[in-house]
There are 2 protein chains.
Amino acid sequence: MFTLSEENYLKTIYHLEVDTDQGISTNAIAKKLATKASSVTDMIKKLSDKKVIVYKKYKGVTLTELGNKTAANVVRKHRLWEVFLVEKLNFSWDEVHDVAEQLEHIKSSKLINQLDAFLGFPTHDPHGDPIPDKDGNLKTIEKRLLATLSKNESGICIGVDDSSSEFLQFLDKKGITLGKKITILEKEEFDNSLSILIGEKKLSISNKIANNLYIKAHNGH
Amino acid sequence: MFTLSEENYLKTIYHLEVDTDQGISTNAIAKKLATKASSVTDMIKKLSDKKVIVYKKYKGVTLTELGNKTAANVVRKHRLWEVFLVEKLNFSWDEVHDVAEQLEHIKSSKLINQLDAFLGFPTHDPHGDPIPDKDGNLKTIEKRLLATLSKNESGICIGVDDSSSEFLQFLDKKGITLGKKITILEKEEFDNSLSILIGEKKLSISNKIANNLYIKAHNGH
DNA sequence: ATAAATTTTTAGACAAGTCTAAAAATTTAT
DNA sequence: ATAAATTTTTAGACTTGTCTAAAAATTTAT
Ligand SMILES: [Mn+2]
Ligand SMILES: [Mn+2]
Ligand SMILES: [Mn+2]
Ligand SMILES: [Mn+2]
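What this report covers is the structure whose coordinates are included nearby.

Parameters at a glance
Residues numbered from 1 in each chain as written. Chains lettered and ligands numbered in written order. Predicted model: local features only at pLDDT ≥ 70, side-chain atom pairs only at ≥ 80, totals over all residues. Heavy atoms only, no water. Donors = N, O, S within 2.8 Å, 3.2 Å for Na, K, Ca; no water. Buried < 20%, exposed > 50% of the residue type's maximum accessible area, 1.4 Å probe, protein only. Pairing = 2+ DSSP bridges. Helix = DSSP H or I, 4+ residues; strand = E, 2+ residues; numbered from the N terminus. Contact = heavy atoms within 4.5 Å. Buried area = accessible area lost by both parts, 1.4 Å probe. Salt bridge = Lys/Arg side-chain N within 4 Å of Asp/Glu carboxyl O. Polar contact = N/O pair within 3.5 Å; in protein donor to acceptor, adjacent residues only side chain to side chain. Axes fitted to C-alpha atoms, helices over the stretch in contact; angles between N-to-C directions. Parallel < 35°, antiparallel > 145°, perpendicular 65-115°, else oblique. Nonpolar A, V, L, I, M, F, W, Y, C, P; charged D, E, K, R; others polar. Near = heavy atom within 4 Å.

### Quick look at the coordination of the manganese ion (ligand 4)
Residue and element names in this part refer to chain B. Donor atoms from the polypeptide that bind the manganese ion (ligand 4) are E82 (OE), D125 (OD) and H127 (ND1), placed at 2.2 to 2.3 Å. Mapped onto the sequence, the residues coordinating the manganese ion (ligand 4) show the spacing E-x42-D-x1-H. For the residue pair D125 and H127, the accessibility class agrees, reading buried in each case.

This is the structure:
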């Protein structure tokens, strides 16, 4: 079994591995966890001893198969709880993260499997992130950042990259929610801002926003 | 805020206070928590500093108003989660305790209040124990141990004293569940065993069982 | 009232997880 | 190739919560 702290380190390494095929550096982990590099060094030893990561000096860490499965299970729990909070307890998508951070560490396989069933085996969490299955596998969907779409292209809004409550509340205010169809009306050269059509509404959004919204390619006419 | 460990101490003191009007001794706490008296002494200092208990040397501890409210809130969470597990996730009443021990420490008032609403504001947990309200108050119901009923008296089975999974599974096997009507057919003098009618069925149960089952007085004809 | 038994506290140690400050190793720049 | 900058590790300390063993205080028995 793993401690809460070990689980958080594993989850962090898991998330960092998505963006790279390199080993994950001590500093990268420290930064993500808002802790000190010296603390990470200590934990790397513990996790190596437990065979969940492999560490090559100065080359960073990699999750072993066991480590990946363990981390994926924490992520699975996190995302299932987020679905529960939104679907059953009327939380909004910007309120769920902190509570899920706690709930993800509850240990009971019956609990999580029954919860999965109770929720109807959801495939994605409220932010559009995929939910790993019992074995830690997740089906990746073809998604693109809104910023990569060209003029007149359209697609369905399926996720966010940044899921901070500030960003999510901003999207709420603009009326941008998952499932909505977005069409690029205009791309401004000088600041890369976009003029888009979402539902019936025309909106102007900055490049920063466009780089945090995921779109499912959609053969729009 | 209180740590997980502090919450467990408070909850223990809360439960022990039900049975007595004396202060709760260091040893009593140690026994209930399966820890050592010296550890309890340390924690008593911390909890006193935090103004949740009052300690009179060699006279034991008492919860302050704040301590009582804090402890009751942990119990409230424990029991609401137990209801959730049984009602929504198909746990049986003997499987819920250990998971609830973990869930009771999740910190989010929105979570617990929404859960309460989602469950339809239940008043009792799956073992018949009352659920404290937001302010820590609970309505006590008039209940008696089955062992105290006389011949021909009857009542409704509303709770258990011992909620170990062994005892609960035993009750399941005998077909004794909360809400059922029980009538005393016979009381044996020599071993205090009972012959009872539960539903349509006649059963013989030992005094030990009768001392762990709560009955709601019922003006049986 | 004194002795015996019990309860509680103290003293010192340990494990987990974290921190700061300094040293060592590695990588990058000149 | 050497120096500079960066990354990582070590050393030592601290906190929380726990433990054992011994000392001290209190209660109970004679
Ligand atoms: Mn976490
Ligand atoms: Mn999420
Ligand atoms: Mn607990
Ligand atoms: Mn219960």
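### Focus on the pairing of strand β7 (residues 201-205) of chain B
Residues and elements named next belong to chain B. Alignment of strand β6 (residues 194-198) against β7, held across five bridges, turns out to be antiparallel. For I198, the partnering residue across the bridge sits in β7 and is K201. Between β6 and β7, which pair antiparallel one after the other, the connecting turn spans two residues, and G199 there sits at a positive phi close to 60 degrees.

### Some points on unusual backbone geometry
Despite not being glycine, Y58(A) has its phi angle at roughly 65 degrees, a positive value. Summarising the element assignment, Y58(A) is placed in the loop between β1 (53-56) and β2 (60-63). Judged by its relative accessible area of 81%, Y58(A) is exposed. Its identity as a non-glycine residue notwithstanding, N192(B) has a phi of 55 degrees, on the positive side.

### Some thoughts on the interface of chain A and chain B
Every contact between the two is made by 20 residues of chain A and, on the other side, 20 residues of chain B. Across the interface of chain A and chain B, roughly 1,700 Å² is buried in total on both sides, 71% from carbon and sulfur atoms. Among the residues of chain A in contact with chain B, L89(A), Q102(A) and K110(A) are the three that bury the most area, contributing 28% of the side total. The tally of links from chain A across to chain B stands at two salt bridges. Of the charged contacts, one joins K110(A) and E95(B) as a salt bridge, the two residues approaching to 3.0 Å between their closest N and O atoms. In this structure, the connection of chain A to chain B is made through six residue pairs in polar contact (both at pLDDT 80 or more). Where the side of chain A that touches chain B is concerned, the elements lending two or more residues are α4 (65-87), α5 (97-103) and α6 (109-118) of chain A.

### Concerning the coordination of the manganese ion (ligand 1)
Residues and elements named next belong to chain A. The manganese ion (ligand 1) binds to the protein through N8 (OD1), E104 (OE) and H105 (NE2); the donor distances cover 2.1 to 2.3 Å. Read in sequence order, the donor residues coordinating the manganese ion (ligand 1) give the pattern N-x95-E-H. Taken individually, E104 and H105 each receive the classification buried, so the pair is uniform in this respect.

### Thoughts on the packing of helix α1 (residues 4-18) of chain A against helix α3 (residues 37-49) of chain A
All names here are of chain A. As a packed pair, α1 and α3 sit with axes 11 Å apart at the nearest point and diverge in direction by 95 degrees. In terms of their interaxial angle, α1 and α3 are classed as roughly perpendicular. Contacts between α1 and α3 involve S5, E6, Y9 and L10 from the first element and S39, V40, M43 and L47 from the second. Tallied by class, the residues present in the contact of α1 with α3 amount to five nonpolar, two polar and one charged.

### Points about the protein's contact with DNA strand C
Around DNA strand C lies a shell of 20 residues, among which T3(A), T35(A), K36(A), T41(B) and Y55(B) are the nearest. Here DNA strand C approaches the protein such that, of its atoms within 4 Å, sugar and phosphate make up 75%. At a separation of 2.6 Å, a phosphate oxygen of DNA strand C approaches a polar side-chain atom of Y55(B).

### Some words on the side chain of D125(B)
Residues and elements named next belong to chain B. Among the structural elements, D125 can be located in the loop between α6 (109-118) and β3 (143-145). One polar contact links the side chain of D125 to the main-chain amide nitrogen of H127, over a distance of 2.7 Å. Ignoring any residue separated from it by four or fewer positions in sequence, one finds D125 in contact with R79, E82, V83 and I131.

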